[in-house]
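Given next are the chains, with one letter for each unit.
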Amino acid sequence: MDSVTQILLGSAVGYATLGNKLGRKSLLVGAAFGTLPDLDVLINFGGDVENFVYHRSFSHSLIIQLLLSPLIAWLIAKMHWTKSVSLTRWSVAIFLIMGTHALLDTFTVYGTQLLWPLSNYPFGISSVFIIDPMYSLPLLLAFIALCFTRLQPYATKINTAALVLSSLYLTWSLAAKWHIDNKIQHALTNKMIAFKQFESTPSPFNTLLWRAVATTEQGHYEIYASIFDSVDEVDIRFYKTENHVLNLLDDDQRIALLQNFTKGLYGVYQQEQSYVFSDLRMGLEGFYVFSFEIAKPFENNIELSDFRQLQNRPPLNRASLVFDRNTNPNIDLSQIKTE
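Residues numbered from 1 in each chain as written. Predicted model: local features only at pLDDT ≥ 70, side-chain atom pairs only at ≥ 80, totals over all residues. Heavy atoms only, no water.

Would you take a moment to explain the overall build of the protein for this structure?
Looking only at helices and strands, the protein features 10 helices and 11 strands. Taking 339 residues into account, the globule formula puts the C-alpha radius of gyration at 20 Å, and the protein, at 22 Å, falls close to it. With the principal axes as the frame, the protein shows a C-alpha extent of 70 × 45 × 35 Å. Classification of the 339 residues of the protein by burial places 51% in the buried group. Just so you have it, the protein exposes about 16700 Å², and 61% of that area is on carbon and sulfur atoms. (Helix = DSSP H or I, 4+ residues; strand = E, 2+ residues; numbered from the N terminus. Rg over C-alpha atoms; globule rule 2.2 N^0.38 Å. Buried < 20%, exposed > 50% of the residue type's maximum accessible area, 1.4 Å probe, protein only. Areas by Shrake-Rupley, 256 points an atom, 1.4 Å probe, with all protein chains shown as cover.)

Would you mind showing me how to read the layout of surface pockets here?
Any space left empty among the atoms is revealed by the rolling of a water-sized probe across them. Size it by volume and the largest pocket reaches roughly 1300 Å³. Taken together, 47 residues make up the lining of the largest pocket; nearest its centre are F129, I130, M282, V289 and R313. Put simply, the parts of the chain that give the lining of the largest pocket at least two residues each are helix 3 (48-54), strand 1 (198-202), strand 7 (283-284) and helix 9 (320-325). Among the elements that line the lining of the largest pocket, the one with the most residues is helix 3, at three residues. Here the residues of the lining of the largest pocket sort into 28 nonpolar, nine polar and 10 charged. In this structure, the second largest pocket spans a volume of roughly 170 Å³. For the second largest pocket, the full set of lining residues is K196, Q197, T215, T216, E217, N243, H244, L246, N247, Q259, G264 and Y266. For the lining of the second largest pocket, the class distribution of residues is two nonpolar, eight polar and two charged. (1 Å grid on protein atoms, 1.4 Å probe; cavity = no way out; pocket = protein on both sides within 12 Å on 5 of 7 lines; lining within 4 Å. Points joined across faces, edges and corners; volume = space filled by probe spheres on them. Nonpolar A, V, L, I, M, F, W, Y, C, P; charged D, E, K, R; others polar.)

How should helix 2 (residues 25-35) be read in this particular structure?
What sets the pattern is the α-helix's 3.6 residues per turn: residues three or four places apart point alike. Of the positions making up helix 2, those classed as buried are S26, L27, V29, G30, A31, F33 and G34. Taken together, the buried residues of helix 2 touch helix 1 (3-22), helix 4 (62-76), helix 5 (87-105) and helix 6 (133-148). (Contact = heavy atoms within 4.5 Å.)

Would you mind showing me how to read the packing of aromatic side chains here?
Each pair of aromatic rings is reported with the distance of its centres and the angle of its planes. All chains considered together, the criterion is met by 16 aromatic pairs. Both rings, one in W81 and one in W90, keep their centres 6.3 Å apart while their planes meet at 85 degrees; by these two values the pair is edge-to-face. By the ring-pair criterion, three or more aromatic residues cluster together here, those being F52, Y110, F261, F290 and F292. (Phe/Tyr/Trp six-rings, centres within 6.5 Å; stacked < 30°, edge-to-face > 60°.)

Even after reading the chapter, I still don't get empty space enclosed by the protein, so can you show me in this structure?
The full count for this structure, using the stated rule, is one cavity of 30 Å³ or more. Reported here for the largest cavity is a volume of approximately 30 Å³. As for the largest cavity, its lining consists of L8, S11, A12, L27, L139, A142, F143 and N159. Contributions of two or more residues to the lining of the largest cavity are made by helix 1 and helix 6. Residues that form the lining of the largest cavity fall into these classes: six nonpolar, two polar and no charged.

Explanation requested: the confidence of the model for the protein in the structure shown.
It should be kept in mind that the predicted coordinates are not to be read in detail where pLDDT is low. With 98% of its residues at a pLDDT of at least 70, the protein reaches an overall mean of 93. Averaged over each element, pLDDT in the protein is lowest for helix 10 (residues 335-338) (60) and highest for helix 5 (98). (pLDDT = per-residue confidence, 0-100.)

What is the right way to read the sheet that holds strand 4 (residues 235-240) from this model?
Strand order across the open sheet formed by four strands is 1-2-3-4, with antiparallel pairing between neighbours. Each edge of the open sheet carries a strand with a single partner, namely strand 1 and strand 4. When strand polarity is set aside, the average angle formed by the axes of neighbouring strands in this sheet is 20 degrees. Taken together, the seven bridges between strand 2 (residues 209-215) and strand 3 (residues 219-226) define a ladder with antiparallel strand orientation. In the sheet register, T215 faces strand 3, and the bridge partner there is H220. The strands that helix 7 (residues 155-190) touches are strand 1, strand 2, strand 3 and strand 4; relative to strand 1, the one it contacts most, it runs at about 135 degrees. (Pairing = 2+ DSSP bridges. Axes fitted to C-alpha atoms, helices over the stretch in contact; angles between N-to-C directions.)

Even after reading the chapter, I still don't get the pattern of salt bridges, so can you show me in this structure?
Note on pairing: side chains with opposite charge can pair once their charged atoms come close. Counted under the stated rule, the structure contains 12 salt bridges. A salt bridge links R211 to E222; its shortest N-O distance comes to 2.8 Å. Taken as a pair, R211 in strand 2 and E222 in strand 3 lie far apart in primary sequence, 11 residues in all. For E222, a relative accessible area of 2% translates into the label buried. (Salt bridge = Lys/Arg side-chain N within 4 Å of Asp/Glu carboxyl O.)

What am I meant to see in the environment of Y266 here?
Its location among the elements puts Y266 in strand 5 (residues 266-271). With 13 residues separating them in the primary sequence, Y266 and D279 have C-alpha atoms 4.7 Å apart. Apart from the residues lying within four places of it in its own chain, the contact partners of Y266 are N243, L246, Q259, F277, S278 and L280. In this structure the side chain of Y266 is engaged in a polar contact, spanning 3.0 Å, whose partner is the side chain of Q259. (Polar contact = N/O pair within 3.5 Å; in protein donor to acceptor, adjacent residues only side chain to side chain.)

What is the right way to look at helix 5 in this model?
In a regular helix each residue adds 1.5 Å, so 19 residues correspond to 27 Å; helix 5 covers 27 Å between its end C-alpha atoms and thus fits that length. Restricting attention to buried positions, one finds in helix 5 the residues W90, S91, A93, I94, I97, M98, G99, H101, A102, L104 and D105. At its buried positions, helix 5 is contacted by helix 1, helix 2, helix 4, helix 6 and helix 7. (Expected span 1.5 Å × (residues − 1).)

Have a look at this one:
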């Protein structure tokens with residue numbers, strides 16, 4: 001999830017575990033440790049591909065967090081203002097703050113390596129977009145109430161209510177994903193479309209309209225379905241890709257890293273004088289957030305490129321089409337690509 005949401009969640013968990021001892025200071029403690037796992041973005045893992053793949057690895061591992069929490073707690077306990085909290089309670093609080101950060105990230109599609117170093121599998125439930133105001137709003141209101149109002153007698157109830165409401169929203173997102181996946185599966189079956197891999201993700205800032213990708217040997221289907229659509233109103237479009245190009249390239253660890261991290265949901269495109277590898281899960285056709293130049297034509301062959309990441313974000317001036325599509329199945333989201 002986005003950094004602001006993780007700060008708000010960390011503050012709420014911090015207050016829930018330490019509030020009766022530290023008061024408002026627990027909000028700052030929660031904010032700090034709720035941010036800590038994402039500081040891995042400051043590390044250069046060796047290149048654009050490595051930075052993409054290794055983000056949310058060791059710093060988001062529940063195993064590492066469990067091992068580090070007592071050490072961090074021991075260091076914190078040396079400060080004078082922390083003496084009212086036991087070492088055990090500090091350890092539990094820090095683990096819960098960082099652990100809920102990692103677990104919340106798994107609800108997005110990106111992938112979080114919860115079991116690193118035992119496994120580098122990127123867990124991703126893909127039931128919420130990386131920024132979702134409906135999840136963040138209860139936490140934000142509680143944070144404001146606890147920091148800037150005189151509602152301290154009700155602080156625990158307000159904080160608990162915010163955590164419950166945000167958690168209920170995550171529960172709703174799982175139910176919505178199940179409903180959407182079932183609807184899309186029926187639509188694909190009705191059109192007799194066979195596929196290799198499939199994943200659905202919410203469209204930006206909501207859980208009403210969903211985008212899915214179903215890959216085949218020849219390319220992939222981009223699918224849009226709203227909670228309000230009937231099976232016949234699900235929008236399915238096919239796009240050809242050049243994935244066979246990967247067979248012509250010498251073995252390269254970066255290609256294997258990308259294939260594994262995207263869980264097979266990738267597409268290779270020829271753009272001008274280069275071949276581009278795109279993660280199909282994040283973005284939309286023509287505008288994939290994580291795209292890397294992997295090869296260039298050379299004489300009668302192709303050769304590996306430098307794997308630099310390309311800037312290819314969707315145009316914001318067409319974002320209103322996404323919200324219109326929630327309730328209007330006649331909206332053509334391919335206009336985002338052409339206008």
